[in-house]
Amino acid sequence: MVRYGAGALVTAAAIAWMYPLSAPAAAASVDTTTPAMAMAPPAPEPAFSFDSMPGRLPKDVVPERYEIAVTPQIKTMSLAGHESVTLKVRSTTDRLVFNSLNETLSRVRFDGQPVKSVASDDEHQLTTVRLARPASVGSHRLTFDYSGKIETRPQGLFLQPYAYPGGTSGQMLATQMESTDARRMFPCWDEPAFRAVFELTVTLPSGWAALSNMPVSKRTGHGSLETVRFEPTPKMPSYLVAFVGGDLGHLDAESGATKLGVWAVRGQEENGRYALANAAQILADYNDYFGYIFPLPKLDSISIPGGFSGAMENWGAITYMEELLMLPPSSTLSQEQQIYSTQAHEMAHQWNGDLVTMGWWDDLWLNESFASWMAAKETALRNPSWQWWEQEDSSKESAMRADAQPNSPPIQQHVTDELQASNAFDPSITYNKGQSILRMLEAYLGPDPFRDGIRRYMKAHAFSNATTTDLWTALSAATGNDVERIAGDWTRLPGFPLVHVDSTCAADGARTVHLTQTRFLSTGGTAEASHWSIPLLLRIGSHGQPQAQLSSGAAIASGGCSEPLSLNADAIGYYRVQYDAATLKTNTAHFGELPNGDRIALLDDQWALVLAQAQPLDSYLALASRMGGDLDTRAWQQISAALGTIEYDERGSAGHDGFTAYARSVLAPAFAALGWDAKPGQTPDQEELRRTLISELGSWGDEEVIRGARQRFEAFLKDPASLPASDQPAILAVVAYHADANTFEQLHKLARGAKNLSEIERFYVALAQVRDPQLAEKAGEIAFSSEFPPQAVQARLQMVGALAHEHPALGWRLFSAHAHELLKSQGTFEVFVEAQVVPQIFWNSAPLSEIEAWVHGKVPAEMAPEVERGMAGARLRVSQKELLVREADKLARSKS
Ligand SMILES: [Zn+2]
């Protein structure tokens, strides 16, 4: 699954979902826990076995095949169902226990005979059936009728209304089962190790398209309704069952033996051409990479307009929120990137997740980290001009910011209930950290041996489940390494190391470095040694291949003292490096010549060390100011985000204008090299950089940029073709920051005329970037007016986010009053966003005590750890602001 909005998908996203321009995510300031390395690492878990998996359901009765017939009744938002389950009884029992929620069972029969009792308990989401007499070991059949609910949010079977500009409106049905909501549509053994065959039948308004994991086997019309039966699935977990029904159109293609379809609300399907081509390419690549041909006859990609925030890997029937699948005319490059990388993520799950599923939610990372890593690898492979791995550095940084909190969770977390299963989808840790660990491991083991290990793993566990130990076993067998020994601590322990480099210089100029490690903490670290097995990538000088080696206590000969040295070449490693003063000085002097990745790693680490009060601000600025006219996008985006954070924090302080002038001067050479308009030979990546620079310089009051943006806006109003779609967000943002009432009205008119969801998002979000307080109030009213079509939920969320950035109190007032509506599309994840993300976004909007009280009022008491992480992040951000203001003012004084 991908969670969009709360941040799983895009990089800096855990925070940037509502914070488009700067502001790094934060970490904790109060250390209430013992640093991780002081604890003995937990023991590795055993290999997968059905009987040893945690879970609430007894394992003496196992479903083998479900036949489920459902009739949704949209008028009453209810459903009527009939279910027949073939069961294997493994030891004699007179009791069946399975999951159900908000359902009433009737006519319950076991092998055709009435049962003694049926009790459904919604609090524990269980139904217990007592049999009239004990069932013998062997095959049996349970049948019943039931009634249930159609949901209004993406949990189980839900109804999604939509209305497109131009008049198309209607409603459709869709499902979202992961983690534990299949039980809302049909009673079932709703835990991932209970794999079974599902044969689904649904009765719908006639003429509606009907999609599920497998192709339709039979359609029967009766009056205004139609009954659609699907072919039985392979054995799979219940959370992968999918159903979508509505007035849909589609595009088709074939890839090998697999039929590919892209489905959308009728009339929108043409916007799926890009996704269809991507799907064909990705499927062919993955068939090869995994060494296992996609085993289902078809793979559909289905666009859901606004109903849920993200995408879901249902086997053979992937659902996407519309923005993550459809590419309407006048879309932007960043939309293309989001679509490609999301498809690559969900399609990787067709193997890692669907063909092989984690045994229990403790190992969710096997699904999510893997899909994220695979998606980045595939996106980078097929779109080299995007410099995708450099862009993914921001995902790694968002993980490291969260993971530098003293109370951050490890990748593998023990899950005991439904709420914890949902909260395990933590975007920073389960997605971004896990992806980074896999990349580091692949670089150390070698891409080909690593792939061979993945192939072994797929083959060994196909149509079954696995644990982390099973993955390490397969990788060890393929690579000849003890992978558990290298990798185990990275998934079982929270945090990551700071590698301290201590160099000595011999009389002949030869350098030797001694390395030590401690856990890196945003609060400045601990003196206690840590013991991660660190796969270092060492580069001496500015060129040449890096050497891979595992960290050890031994001294390392590392070239000459006058040569730069990188301990994290190409920024692949998930650790930070603190160089001694002499090596940092040499690295700084040679900064301009270093490979991009080495520079990115230096910038990331030095900035993090500044924020942790381990290094002075000018040590970072000395690097940033040496970029000159170099055009590496990620390095510049790192710099502009850091400078943007300082500019934001400095607002209202004496040093603001001085610092801002300095920040503009740092970016000026790159903007001078790129200019306003695309030039032949510029890569898409460099064009993105140009847009970033325009937006930042405009936000920092660069008169020339503001004037240039206004001219382009005027021309755009007269001739929309004059401004490429990808350039529009940056130009509109600059115009909107500085808009007066007249310009605001022009922007509003533009937004009202938006022709598709892409334009709606772009134009309305621009409105919300206005700095004039009265116009901002007006933008807030517009965000909640009936102008918004129901599927534009993300645009509204982004408007509130933009308002919160410029007008914190207004943003908080709007958000706190409408949180449930704004986060409805997050489904079960809403409470996680409220607990852990909201405090870190609104840290400067209201007193922290008020925010904390608000959060506690929204989320279950069980989520105290998540609330504490969110609040610790907010407190840290407050203290970082004080630090940055102090440092920047000091710097301004020294320069004046
Ligand atoms: Zn996923």
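Procedures and definitions
Residues numbered from 1 in each chain as written. Predicted model: local features only at pLDDT ≥ 70, side-chain atom pairs only at ≥ 80, totals over all residues. Heavy atoms only, no water. Helix = DSSP H or I, 4+ residues; strand = E, 2+ residues; numbered from the N terminus. Buried < 20%, exposed > 50% of the residue type's maximum accessible area, 1.4 Å probe, protein only. Contact = heavy atoms within 4.5 Å. Areas by Shrake-Rupley, 256 points an atom, 1.4 Å probe, with all protein chains shown as cover. Lys, Arg positive; Asp, Glu negative; His and termini not counted. Charge placed at Lys NZ, Arg CZ, Asp CG, Glu CD. pLDDT = per-residue confidence, 0-100. Disulfide = S-S within 2.5 Å. Donors = N, O, S within 2.8 Å, 3.2 Å for Na, K, Ca; no water. Core = buried A, V, L, I, M, F, W, Y, C linked by side-chain atoms within 4.5 Å. Pairing = 2+ DSSP bridges. Axes fitted to C-alpha atoms, helices over the stretch in contact; angles between N-to-C directions. Phe/Tyr/Trp six-rings, centres within 6.5 Å; stacked < 30°, edge-to-face > 60°. Lys NZ or Arg CZ within 6 Å of the ring centre and 35° of its normal. Parallel < 35°, antiparallel > 145°, perpendicular 65-115°, else oblique. Left-handed = near helix turned anticlockwise from the far one by under 90°. Nonpolar A, V, L, I, M, F, W, Y, C, P; charged D, E, K, R; others polar.

Peer 1: Explain the overall build of the protein to me, please; I cannot follow it from the model alone.
Peer 2: Along the protein, the regular secondary structure elements total 26 helices and 30 strands. When the backbone C-alpha atoms are referred to their principal axes, the protein occupies close to 90 × 65 × 55 Å. Burial statistics for the protein: of 896 residues in total, 64% are counted as buried. Sequence-distant contacts in the protein: of pairs separated by 6 or more residues, those separated by 24 or more amount to 71%. Of the roughly 29900 Å² of accessible surface on the protein, 52% is carried by carbon and sulfur atoms. Taken together, the 74 basic and 103 acidic charged side chains of the protein have centroids lying 3 Å from each other.

Peer 1: Just to check I follow, could you spell out the confidence of the model for the protein for this structure?
Peer 2: Detailed reading of the predicted coordinates is not advisable wherever pLDDT is low. Across the protein, the average pLDDT comes to 93, with 96% of residues at or above 70. Here residues 6–39 scores under 50 on pLDDT; set against residues more than four positions off or in separate chains, the count is 115 contacts.

Peer 1: What's the story with the state of the cysteines in this structure? I'm lost.
Peer 2: Covalent bonding between the sulfur atoms of two cysteines is what defines a disulfide. Under the definition given, this model contains one disulfide. What pairs with C505 in a disulfide is C561, and their sulfur atoms sit 1.7 Å apart. On the criterion of sequence distance, the pair formed by C505 in strand β24 (residues 497–505) and C561 in the loop between β28 (556–560) and β29 (565–566) is long-range, its members being 56 residues apart. The exposure class assigned to C505 is partly exposed, which follows from its relative accessible area of 48%.

Peer 1: Which parts of the structure should I look at to understand the coordination of the zinc ion?
Peer 2: The expected angle between donors at a tetrahedral four-coordinate metal is 109.5 degrees. At an octahedral six-coordinate metal it is 90 or 180 degrees. Listed as protein donors to the zinc ion are M1 (N), M1 (O), H345 (NE2), H349 (NE2) and E368 (OE); their distances from the metal cover 2.0 to 2.3 Å. Counting residues between consecutive donors of the zinc ion along the chain gives the motif M-x343-H-x3-H-x18-E. With H349 in helix α3 (residues 333–349) and E368 in helix α4 (residues 364–382), the pair connects residues that are 19 residues apart, well separated along the chain. Accessibility assignment for this pair places H349 and E368 in one class, buried.

Peer 1: How should I be thinking about the nonpolar core in this particular structure?
Peer 2: A general trend in soluble globular proteins is that nonpolar side chains are found buried together. Grouped together as the largest cluster of nonpolar side chains are 278 residues, with contacts concentrated most on F186, W189, F243, I639 and F815. With 10 residues, α4 is the largest single contributor of residues to this core. Those residues in contact with W189 that lie beyond four places of it in its chain are L57, V61, P63, Y66, V85, L87, V97, F98, N99, L142, F194 and S238.

Peer 1: Help me understand the sheet that holds strand β7 (residues 117–121) in this model?
Peer 2: On the basis of which strands lie adjacent, the open sheet formed by three strands has the order β4-β8-β7 and antiparallel pairing. Because the sheet does not close on itself, it has two edges, and the strands there are β4 (93–99) and β7. Each neighbouring strand pair of the sheet contributes to a mean axis angle of 20°, computed without reference to strand direction. Pairing geometry for β7 and strand β8 (residues 126–135), over five bridges, is antiparallel.

Peer 1: Could you clarify how one ought to interpret the packing of aromatic side chains in this entry?
Peer 2: Aromatic ring pairs are defined here through the distance separating the ring centres and the angle between the ring planes. What the rule picks out here adds up to 37 aromatic pairs. Look at Y286 and W351: their rings are 5.9 Å apart centre to centre, the planes differ by 90°, and that puts the pair in the edge-to-face class. With a gap of 65 residues between them, Y286 in helix α2 (residues 273–290) and W351 in the loop between α3 and β22 (356–358) connect regions that are remote in the sequence. In terms of burial, Y286 and W351 fall into one category: buried. Through pairs of rings, three or more aromatic residues link up here, namely Y286, Y289, F290, F294, W351, F370, W373 and F450. Seen from the ring of W389, R439 lies directly overhead, with NZ or CZ sitting 4.1 Å from the centre.

Peer 1: Hey, could you run me through the sheet that holds strand β15 (residues 225–230) in this one?
Peer 2: In a beta sheet, neighbouring strands pair by backbone hydrogen bonds and run either parallel or antiparallel. With respect to topology, eight strands assemble into an open sheet ordered β6-β5-β9-β3-β2-β12-β15-β14, the strand pairing being mixed. Looking along the sheet, the strands with just one partner apiece sit at the ends: β6 (113–114) and β14 (216–222). One ladder, built from 12 bridges, connects strand β3 (residues 78–89) with strand β9 (residues 138–149); its direction is antiparallel. Counted as the bridge partner of V85 is L142 from β9.

Peer 1: I would appreciate a short explanation of the packing of helix α14 (residues 633–650) against helix α15 (residues 656–674) in the present structure.
Peer 2: Two packed helices can be described by the angle between their axes and the distance between those axes. The geometry of α14 relative to α15 is characterised by a closest axis approach of 9 Å and an angle of 165° between their N-to-C directions. When the interaxial angle is binned, α14 and α15 end up roughly antiparallel. Seen along the crossing, α14 lies across α15 with a hand that is left-handed. Residue-level inspection shows W636, I639, S640, L643, I646, E647 and E650 of α14 in contact with α15, the latter providing H656, F659, T660, A663, V666, L667 and A670. In the contact of α14 with α15, the residues fall into nine nonpolar, three polar and two charged.

Peer 1: What is the right way to read the side chain of N423 from this model?
Peer 2: Looking at where N423 falls in the secondary structure, it is placed in helix α6 (residues 418–423). Residue classification places N423 among the buried positions, given a relative accessible area of 6%. Sequence-distant contacts of N423, that is, excluding residues within four places in its chain, are made with F832, M863 and E866.

Peer 1: Any chance you could explain the pairing of strand β25 (residues 510–519) here in plain terms?
Peer 2: Note on strand geometry: in a regular strand, side chains alternate between the two faces of the sheet. Relative to β25, β24 runs antiparallel, the two sharing nine bridges. Among the inter-strand pairings, H500 is bridged to a residue of β25, identified as T516. Between β24 and β25, which pair antiparallel one after the other, the connecting turn spans four residues, and G509 there sits at a positive phi close to 90°. Pairing analysis gives three bridges linking β25 to β28, with the strands arranged antiparallel. What sits directly across from V513, in β28, is I556.

Peer 1: Can you help me understand the environment of A348 in this one?
Peer 2: Here A348 is to be found in helix α3. For the pair formed by A348 and L101, sequence separation is 247 residues and the distance between their alpha carbons is 30 Å. Contact partners of A348, with chain neighbours within four places excluded, come to Y286, F290, A371 and M374.

Peer 1: It is not clear to me how the environment of Q728 should be interpreted in this structure. Could you clarify?
Peer 2: Within the secondary structure, Q728 sits in helix α18 (residues 728–737). Residue contacts for Q728: discarding those within four places in its chain leaves F716, L723, A733, R762 and F763.

Peer 1: Any chance you could explain unusual backbone geometry here in plain terms?
Peer 2: Excluding glycine, residues mostly have negative phi values, and the peptide bonds linking residues are mostly trans. Along the chain, E178 connects to S179 via a cis peptide bond; the corresponding omega equals 5°. Within the element layout of this structure, S179 appears in the loop between β11 (169–176) and β12 (197–205). A positive phi angle, close to 55°, is found at A571, a residue other than glycine. Relative to the assigned elements, A571 resides in the loop between β29 and β30 (576–578).

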